[in-house]
Amino acid sequence: MTDVLIIGAGPAGLAAAIYVQRAGKKALLLEEYSYGGQIINTPEIENYPGIAKISGFDFATNLYQQAINLGAELVFEKAVEIEDKNDKKIVKGSQGNLYEAKAVIIATGAKNRHLGINKEEELIGRGISYCATCDGAFFKGKDVAVNGGGNTALSDALFLSDYCNKVYLIHRRDEFRGEAGNLEALRKKDNVEFILNSSVSSLLGEEKLEGLELTHKLTGEKRQIKVSGLFVAIGQEPANEDFKNVTDLDKAGYIFAGEDMRTKTAGIFTAGDCRTKEVRQLTTAASDGAVAALMACEYCNKNA
């Protein structure tokens, strides 16, 4: 039996572990892959308050080490089920292990949907990015492309147009799904070019991204454009299906929770990118983790 079991060792989960330990409780983290979450792949972080510049790997390692030094424990096993027993929660791992806890925090994050084409994984951090606000400043004065047609893609293109020499906005359909206001603002930008009915079919460059091959969806015609960066904004995918028996999920799969991080089940909380929220950033993930930890510790004290 542990006090608070945290599912996921990304920034939200690790921040939660730090606050749980500092509150005098015991935190156990279950993580499927590696600590740090998606931020571990970010070459440089320059938007975290109090830290001028740090690599994603170093940031994640510092966060992990801080939690472990305080006494938190990390087990590499995917959580696949939560059973609510009122006074305790039982979490089943993918290897068949059962973990008992007084409270649970779900901090599984959300993975950016990838294009699924050759060289995409190899070029992440070398021209391929999934977060314009995180990495856009590194492409100041350069030509870049944004792939997507929703609000995120339009917002990314607007943001990048203030930094970059030129922004190509690539969408596989003939019209955008994003807000009309953002679209109109983009139309007024001299350095933004729309490429519609097209998809990215190939990435050009070996050590770093140098360009894109595009295929027109209707004619099959191919063209190449030279860019230093590609910002993929085709959505995110939360991984909360295993926990829908103890949480309410919206139609996109995110856990319904307000700023108190409470789910529909007493003693089960959530934090970070896996929950319903407007802003998904490193700072908001850490903030969620702190709030969820304090709420979970309060729950443990009331049900001691």
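In this text, all values refer to a predicted model and were calculated from it rather than measured experimentally.

1. Side note on the nonpolar core
Thought 1: Judged by nonpolar contacts, the single largest core of 36 residues is most densely connected at V4, I6, L29, I105 and F269.
Thought 2: Secondary-structure elements contributing two or more residues to this core are β1 (2-7), α1 (11-22), β2 (27-31), α2 (56-69), β6 (98-106) and α6 (282-302).
Thought 3: No other element matches the 9 residues that α6 contributes to this core.
Thought 4: When near neighbours in sequence (up to four residues on either side) are disregarded, F269 contacts A103, V104, I105, I106, D260, M261, R262, T263, A292, M295, A296 and Y299.
Thought 5: The next biggest cluster of nonpolar side chains, apart from the first, holds 18 residues, and it includes F139, L154, L160 and L183.

2. Side note on the sheet that holds strand β8 (residues 128-129)
Thought 1: Ordered in space as β8-β15-β9-β10-β11, the 5 strands form an open sheet in which the pairing is parallel. In this open sheet, the two edge strands, each paired with only one partner strand, are β8 and β11 (192-195).
Thought 2: The pairing of strand β9 (residues 143-147) with strand β15 (residues 229-232) spans 4 bridges and is classified as parallel. From the neighbouring strand, A145 faces β15, where its bridge partner is L230.
Thought 3: Relative to the sheet, helix α4 (residues 151-161) contacts β9, β10 (166-170), β11 and β15, its axis offset from that of β10 by approximately 170°.

3. Re the pairing of β1
Side-chain direction in a regular strand flips from residue to residue, so the side chains alternate between the two faces of the sheet.
Thought 1: Most of β1 is tucked away, with 6 of its 6 residues classed as buried.
Thought 2: With 5 bridges joining them, β1 and β6 adopt parallel strand pairing. Bridging across to β6, T2 finds its partner in A101.
Thought 3: By the bridge criterion, 4 bridges tie β1 to β2 in an arrangement that is parallel. The residue bridging L5 from the neighbouring strand is L28, located in β2.
Thought 4: Handedness of the β1-α1-β2 crossover: right-handed.

About the cut-offs
Residues numbered from 1 in each chain as written. Predicted model: local features only at pLDDT ≥ 70, side-chain atom pairs only at ≥ 80, totals over all residues. Heavy atoms only, no water. Core = buried A, V, L, I, M, F, W, Y, C linked by side-chain atoms within 4.5 Å. Buried < 20%, exposed > 50% of the residue type's maximum accessible area, 1.4 Å probe, protein only. Helix = DSSP H or I, 4+ residues; strand = E, 2+ residues; numbered from the N terminus. Contact = heavy atoms within 4.5 Å. Pairing = 2+ DSSP bridges. Axes fitted to C-alpha atoms, helices over the stretch in contact; angles between N-to-C directions. Right-handed = clockwise from strand over helix to strand, strands pointing away.

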